[in-house]
Amino acid sequence: LFFLLFSLGCSTPKIATTHFLQHLQKGQFQEAAEFTVSGDLQAHPIRRMMSEDAVALMLQQMDYQIINSQSIENEASILVRVTNFPIQEIFAIAAREIMGKGIYNLSKKKKSLHYDQEIKRNLQAKITSPDITRQTTTITIKLEKQDGKWKIKDNKNVMHQLTGL
């Protein structure tokens, strides 16, 4: 009986959205993808530009609050207030600095950088910098019911809204 009630409770748009966001915060992208229609977060451009570790590092800092939920039949819309660092701005600064180091190394015929490790190190420094302040925005997450479970419809758009990339 407990498992039946638990599985029914997990089939609400609010709970599906909460699980999706919690998994993103923990860097559990495969688990988060289970709450999407496509079942895949790999296609998002941020996943092609950066390692899972670097993306996870940025999303760990995210705070969110579900402020409204509306559903009609098999469609739902969740309004979420998200507070995070300006990821797009941080990424742009980190990329410029790393590219500058790479060009400098090439000009001096030094060993090439390990860009992935360098990006992660640079992002960590930016996120812990007192010069970077967190920003709050409100996003809308759309869901649809599939096989009795609520799934996030346009995960690329949601990831874009969360990361700015």
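Note: the structure precedes this text.
Definitions and cut-offs
- Residues numbered from 1 in each chain as written.
- Predicted model: local features only at pLDDT ≥ 70, side-chain atom pairs only at ≥ 80, totals over all residues.
- Heavy atoms only, no water.
- Helix = DSSP H or I, 4+ residues; strand = E, 2+ residues; numbered from the N terminus.
- Expected span 1.5 Å × (residues − 1).
- Buried < 20%, exposed > 50% of the residue type's maximum accessible area, 1.4 Å probe, protein only.
- Arc of directions from axis to C-beta.
- Salt bridge = Lys/Arg side-chain N within 4 Å of Asp/Glu carboxyl O.
- Phe/Tyr/Trp six-rings, centres within 6.5 Å; stacked < 30°, edge-to-face > 60°.
- Lys NZ or Arg CZ within 6 Å of the ring centre and 35° of its normal.
- Contact = heavy atoms within 4.5 Å.
- Core = buried A, V, L, I, M, F, W, Y, C linked by side-chain atoms within 4.5 Å.
- Pairing = 2+ DSSP bridges.

Asks: Tell me what's going on with helix H2 (residues 13-25), and back it up with residues and numbers.
Replies: Because each turn of an α-helix spans 3.6 residues, side chains separated by three or four positions in sequence point in the same direction. Look at H2: 18 Å from first C-alpha to last across 13 residues, which is about the 18 Å you get at 1.5 Å a residue. All buried positions along H2 are accounted for by Pro13, Ala16, Thr17, Phe20, Leu21, His23 and Leu24. Down the axis of H2, the buried side of the element spans an arc of 160°, and every buried residue falls inside it. Where H2 terminates, the next one or two residues include Gly27, which has phi positive at roughly 75°.

Asks: Please provide a residue-by-residue account of the pattern of salt bridges, values included.
Replies: Summed over the entire model, instances satisfying the criterion amount to two salt bridges. The salt bridge partner of Asp63 is Arg134, with a shortest N-O separation of 2.2 Å. On the criterion of sequence distance, the pair formed by Asp63 in strand E1 (residues 63-72) and Arg134 in the loop between helix H7 (115-127) and strand E3 (135-146) is long-range, its members being 71 residues apart. Taking relative accessible area as the criterion, Asp63 reaches 41% and is therefore assigned partly exposed.

Asks: Which residues make up the packing of aromatic side chains, and what are the values?
Replies: Throughout the structure, instances matching the rule amount to zero aromatic pairs. Over the aromatic face of Phe85 sits the side chain of Arg134, whose NZ or CZ is 5.9 Å from the ring centroid.

Asks: Explain the side chain of Thr17 to me, and be specific about the residues and the numbers.
Replies: Along the chain, Thr17 falls in helix H2. Setting aside anything within four residues of it in sequence, one finds Thr17 in contact with Ile66, Ile78, Val80, Ile141 and Leu143.

Asks: Describe the nonpolar core, and please don't skip the residues or the numbers.
Replies: Core analysis: the largest hydrophobic core is formed by 36 residues, its most contacted members being Phe20, Leu24, Leu41, Val80, Ile141, Leu143 and Leu162. Of the residues forming this core, the biggest block, six residues, is contributed by helix H5 (residues 52-60). When residues no more than four places from it in sequence are discounted, the contact partners of Leu143 are Pro13, Ala16, Thr17, Asn74, Glu75, Ala76, Ile78, Trp150, Lys151, Ile152 and Lys153.

Asks: Break down the pairing of strand E2 (residues 75-84) for me, with residues and values.
Replies: Pairing of E1 with E2 involves nine bridges; the strand directions are antiparallel. Following the sheet pairing, Ile72 is matched in E2 by Glu75. Remark: two residues form the turn of the hairpin made by E1 and E2, two consecutive strands paired antiparallel; Glu73 in that turn has positive phi of roughly 55°. As judged from the 10 bridges shared by E2 and E3, these two strands associate in the antiparallel manner. Paired with Ile78 across the strands is Ile141, a residue of E3.

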